[in-house]
Amino acid sequence: MAKYYDNYYSSRTVEMTVLSGEDLRLARKSVKKNTFVVVRSDGSNFRTTEMDGGESGSRPNWNEKLVLDLPAHAQAVTLEVHCKTAFGDKIVGTVSVPVADFSGGYLSESGYLHFLSYRLRDSRGEKNGIINVSVRMEVPIPEYTCSASVLAPEQMTVGVPVGKSNFGGVVTGVPVLCAYNNRNF
C-alpha cells in the first residue's frame, strides 16, 4: 500500500493546451501580436507557449500543448498572458485555475478532457480579457488498490468460478436484505 500512496500522492501530470485569448488589452489598447502564455504549477515548475505572430488580430491563437508536473499539494495552476513590447515583457493578465476544476475530485478519472474559459485580471484587479484552455490530467494507475473503481476497465476481472476452473480473482459479497421472513427454506 505504501508504494501506491507514494506514486499517487507525489505528483500528477497535467496536459494543458492553451487555445486562444479574447479581448486582451495593455494600457487600454487592444493587444494584437507578440503575446505568449506562462503556465505555472508552482514557483519552479512552469512552461511557456511560443509567441503569437498576430495573424489573428485581437484574438491570439496559441493552440499549444504544455505538459507539466502538478505537485500533490498544488491547489491551483496560474496562467499569465504576457506581451513583448519595446520596453520588455508586460503582463497583460493572470488567472488562478483551481485544480478542482479539472481534477474530478479525490480520485480523478484519468484522461478526461476539460474545455475551460477564464476571465483574466490585470495588475489592478480589473477584467482584462479571456483565456481559453483545455486540460487533461493523467493520474498514475496504482499497483495496489482497495477498490475496483480506480482500475481501468481492461484491468478488472469480474466473474464467479464455474465447475473446476482455476479462478484466481476476488469475489466481493454484497449483503442483501430480504423482506420475506420464512425460516423454512
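Definitions and limits used
Residues numbered from 1 in each chain as written. Predicted model: local features only at pLDDT ≥ 70, side-chain atom pairs only at ≥ 80, totals over all residues. Heavy atoms only, no water. Core = buried A, V, L, I, M, F, W, Y, C linked by side-chain atoms within 4.5 Å. Buried < 20%, exposed > 50% of the residue type's maximum accessible area, 1.4 Å probe, protein only. Contact = heavy atoms within 4.5 Å. Phe/Tyr/Trp six-rings, centres within 6.5 Å; stacked < 30°, edge-to-face > 60°. Lys NZ or Arg CZ within 6 Å of the ring centre and 35° of its normal. Salt bridge = Lys/Arg side-chain N within 4 Å of Asp/Glu carboxyl O. Helix = DSSP H or I, 4+ residues; strand = E, 2+ residues; numbered from the N terminus. Pairing = 2+ DSSP bridges. pLDDT = per-residue confidence, 0-100.

A. View of the nonpolar core. Counting residues in each nonpolar core, the largest one holds 28 residues, and the members touching the most others are Met 16, Val 39, Leu 70, Leu 79, Val 81, Phe 102 and Ile 131. Other than its neighbours up to four places away in sequence, Phe 102 contacts Val 14, Leu 70, Val 77, Val 97, His 114, Leu 116, Val 135 and Met 137.

B. Inspection of the packing of aromatic side chains at higher detail. Summed over the entire model, instances satisfying the criterion amount to zero aromatic pairs. Above the plane of the ring of Phe 46 lies Arg 40, whose end atom (NZ or CZ) is 5.1 Å from the centre.

C. Seen up close, the pattern of salt bridges. Under the criterion given, the structure shown has seven salt bridges. Asp 23 is paired through a salt bridge with Arg 25; the nearest N and O atoms lie 3.4 Å apart. A relative accessible area of 44% places Asp 23 in the partly exposed class. Put simply, Glu 15, Lys 65 and Arg 136 are held in one network by salt bridges that share partners.

D. Region of interest: unusual backbone geometry. The phi torsion at Arg 28 lies on the positive side, around 65 degrees, for a residue other than glycine. Counting through the fold element by element, Arg 28 comes out in the loop between strand 2 (25-26) and strand 3 (29-30). A relative accessible area of 68% places Arg 28 in the exposed class. Residues other than glycine seldom take positive phi values, yet Asn 63 does so here, at roughly 45 degrees. On the secondary structure map, Asn 63 appears in strand 6 (residues 61-71). In this structure Asn 63 comes out as exposed when scored by relative accessible area, which is 57%.

E. Up close: the side chain of Thr 17. If you trace the backbone, Thr 17 turns up in strand 1 (residues 11-22). Excluding its chain neighbours within four sequence positions, the residues that come into contact with Thr 17 are Asn 63, Glu 64, Lys 65, Asn 132, Val 133 and Ser 134.

F. Representation of the pairing of strand 10 (residues 127-138). Where strand 1 and strand 10 come together, nine bridges link them in antiparallel fashion. Looking at the pairing, Val 14 lines up with Met 137 of strand 10. Bridge analysis of strand 9 (residues 113-121) against strand 10 gives eight bridges, and the strand direction is antiparallel. Across the sheet, Arg 121 pairs through a bridge with Lys 127, a residue of strand 10.

G. Molecular detail of the confidence of the model for the protein chain. In the predicted model, the protein chain carries a mean pLDDT of 78, and the fraction of residues at 70 or more is 65%. Ranking the elements of the protein chain by mean pLDDT puts helix 1 (residues 2-10) last with 47 and strand 4 (residues 35-40) first with 95. The low-confidence segment residues 1-8 (pLDDT under 50) makes 13 contacts with residues lying over four places distant or belonging to another chain.

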